[in-house]
Amino acid sequence: MPLMRIPYTAPLPPPTILPTSAATFPGAVAALADFLRPPATDNNGKTVILSGAGISVASGLADYRGSNGTYTLNKTYRPIYFHEFCANHEARKRYWARSFLGWTNLHKSRPNKAHYAVGQLGELGTLSSVITQNVDSFHPKAHPGLRTLELHGYLRNTVCLSCRTEYSRERFQKDLADLNPAWAVFLAEMLESGALSTENPVERRLKGLKTNPDGDVDVPGIEYGSFRYPACPVCLEKPPDGSRVEQDADGAWLPSSTAGVLKPAVIMFGESIPNGVKLAVESAVDEADRILVLGSSLATYSAWRLIKRAQEQGKAIGVANLGGVRGEEQFFAKVPAIGLGRDGVRCSLPLEEVLPALVDRLRLGTSTPLLRTEMFKPAPWG
Ligand SMILES: [Zn+2]
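About the thresholds
Residues numbered from 1 in each chain as written. Predicted model: local features only at pLDDT ≥ 70, side-chain atom pairs only at ≥ 80, totals over all residues. Helix = DSSP H or I, 4+ residues; strand = E, 2+ residues; numbered from the N terminus. Buried ≥ 20, exposed ≤ 12 C-beta atoms within 10 Å, placed from the backbone. Core = buried A, V, L, I, M, F, W, Y, C linked by C-beta atoms within 7 Å. Pairing = 2+ DSSP bridges. Right-handed = clockwise from strand over helix to strand, strands pointing away. UniProt positions renumbered as here; feature names shortened; annotations may be inferred. Contact = placed C-beta atoms within 7 Å. Axes fitted to C-alpha atoms, helices over the stretch in contact; angles between N-to-C directions. Left-handed = near helix turned anticlockwise from the far one by under 90°. Nonpolar A, V, L, I, M, F, W, Y, C, P; charged D, E, K, R; others polar. pLDDT = per-residue confidence, 0-100. Expected span 1.5 Å × (residues − 1). Arc of directions from axis to C-beta.

### Let's talk about unusual backbone geometry
- The residue after L18, namely P19, is reached through a cis peptide bond having omega -15°.
- Residue position: P19 is located in the segment before α1 (25-36).
- Backbone geometry at S137 places phi at a positive 65°, although glycine is not the residue there.
- Mapped onto the fold, S137 is located in the loop between β2 (127-132) and α6 (138-142).
- One non-glycine residue with positive phi stands out, namely R164, at about 65°.
- Relative to the elements of secondary structure, R164 occurs in the loop between β4 (153-160) and β5 (166-168).
- With 11 C-beta atoms counted inside 10 Å, the residue R164 sits in the exposed group.

### Notes on the nonpolar core
- L32, I291, I307, V354 and L358 are the most contacted members of the largest nonpolar core, which totals 56 residues.
- In this structure, F172, A231, C235 and I267 belong to the second largest nonpolar core, which totals 32 residues.

### What about the pairing of strand β10 (residues 316-320)?
- Of all 5 residues that make up β10, 4 are buried, and the element is covered over most of its length.
- With 5 bridges joining them, strand β9 (residues 290-294) and β10 adopt parallel strand pairing. Looking at the pairing, V293 lines up with V319 of β10.
- Traced from β9 through helix α12 (residues 301-312) to β10, the parallel crossover comes out right-handed.
- As defined by bridge partners, β10 adjoins strand β11 (residues 344-347) across 4 bridges and the pair is classed as parallel. When the bridges of β11 are listed, A320 appears paired with C347.

### Some details on the UniProt feature "active site" (unreviewed entry) in the chain
- In this numbering, the UniProt entry assigns the feature "active site" (unreviewed entry) to H152.
- Inspection of the secondary structure puts H152 in the loop between β3 (148-150) and β4.
- Residue class for H152 comes out buried when judged on the 22 C-beta atoms lying within 10 Å of it.

### Quick look at the environment of L161
- With respect to the helices and strands, the residue L161 is situated in the loop between β4 and β5.
- When the C-alpha atoms of L161 and P264 are compared, they prove to be 9.7 Å apart, with 103 residues separating the residues in sequence.
- If we skip the residues at most four places from it in the chain, L161 touches C86, V261 and K263.

### Structural notes on the sheet that holds β10
- Taken together, 6 strands build an open sheet; the order of strands is β3-β2-β1-β9-β10-β11 and the sheet is parallel. At either end of the open sheet lies a strand with only one pairing partner, and these are β3 and β11. Along the sheet, successive strands turn relative to each other by an average axial angle of 20°, direction set aside.
- Where strand β1 (residues 47-51) and β2 come together, 5 bridges link them in parallel fashion. Across the sheet, residue I49 finds its bridge partner in β2, namely V130.
- Sheet strands in contact with helix α11 (residues 275-287) are β1, β2, β3 and β9, and its direction is about 145° off that of β2.

### Observations concerning the packing of helix α4 (residues 89-108) against helix α8 (residues 181-193)
- At their nearest, the axes of α4 and α8 sit 10 Å apart, and the two run at 35° to each other. For the element pair α4 and α8, the recorded crossing hand is right-handed. For the pair formed by α4 and α8, the contact residues are A97, F100, L101 and T104 on the first element and W183, L187, M190 and L191 on the second.
- Residue classes in the contact of α4 with α8 are distributed as 7 nonpolar, 1 polar and no charged.

### Points about the sheet that holds β4
- Overall, antiparallel pairing links the 3 strands, which are arranged β5-β4-β8 in an open sheet. Looking at strand neighbours, the two that pair on one side only are β5 and β8 (262-266), the edges of this open sheet. Averaged over all pairs of adjacent strands, the angle between their axes in this sheet comes to 45°, without regard to strand direction.
- In this sheet, β5 lies alongside β4 in antiparallel orientation, the contact comprising 3 bridges.

### Remarks on the confidence of the model for the chain
- Residue-level pLDDT values for the chain average 86, and 80% of them are 70 or greater.
- Low pLDDT, under 50, characterises residues 366-374; the predicted model gives this stretch 8 contacts beyond four residues in sequence or across chains.

### A closer look at α11
- A rise of 1.5 Å per residue sets the reference length of α11, with its 13 residues, at 18 Å; its end C-alpha atoms lie 18 Å apart and thus fit the reference within 8%.
- For α11, the full list of buried residues reads V281, A284 and V285. Looking straight down α11, one finds that the buried residues subtend no more than 95° of arc, so they occupy a single side. Those residues of α11 that are exposed and aimed more than 90 degrees away from the buried face are N275, G276, L279, S283, D286 and E287.
- Where α11 is buried, its residues meet β1, β2, β3, β9 and α12.

So this is what it looks like as structure tokens:
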């Protein structure tokens, strides 16, 4: 059965923190340290990470269900589905116009402390690999030495639906600007006004823009009909057998074509995950000893089933996510409320703070008491 990326937008119940000591910041750090602690004699005692949109929020990107998330602020948000993109020229114009506006901000954003901390956890020998649902390329940028498997693809490239050739999205942006000069002027004005560069999603919305985690932007009252996008250069040169690829005088794909459509190299909603990726992430789960979810509510089935798979193999599960996780009660049914964290952890604190503290703690060794100055809160009368 093909594995598809399908969104799940219903609200989730709040988390039950486990062990209960993980409700405080130092308690969560201690529990995660115990969860990740490599066994002294076991080479295979490593953890695979599964990360989601929550880890990129501190980089200025939106998530889906956080307090500033797409599903929270934009109740009518409905992502484009793969079949619409493939079948409909108008839907593609709309998608590429919004992506054209959203790309600059995404392209400028950088990995944050949480991504770098994941790299450092890898250097400490605790991790086997990282599976990410994110399409922002932050994991491979932050830790090229630690393997990243991108479950839902990546925005850094486009891919031809006919011949599967990939091209740089950065170059594609330039092509879009050349084909749509009025849009390029509009984008320059938006950038000038700061409407796209503010890191605060609420501010962005006040300026009339809605950005979404897949890097596109909603602009109210805009007409997409005139937007143009280029054809795949390989298919243009040599159309696949029995197909036709045509462009206008400026190089824009014409709807009389039957091939050569470029798509972002992300797995769109309703699109099947390539079998090679599916097998690679499954074996990453199978090879690891335990699995730690960072910043994901496991709302997409493709991510949820990996945790389910780990559970069926009897592996310990950790989840660090602000807010609820789909079906989490079943993942933690056997984790004691009083414990150190080795059997499982559920905490709900900002990753860009917890993960660097976790790295420090593991570097110091678990025998050293936790004494980071920034964790000290002086008594109010002090
Ligand atoms: Zn092609």
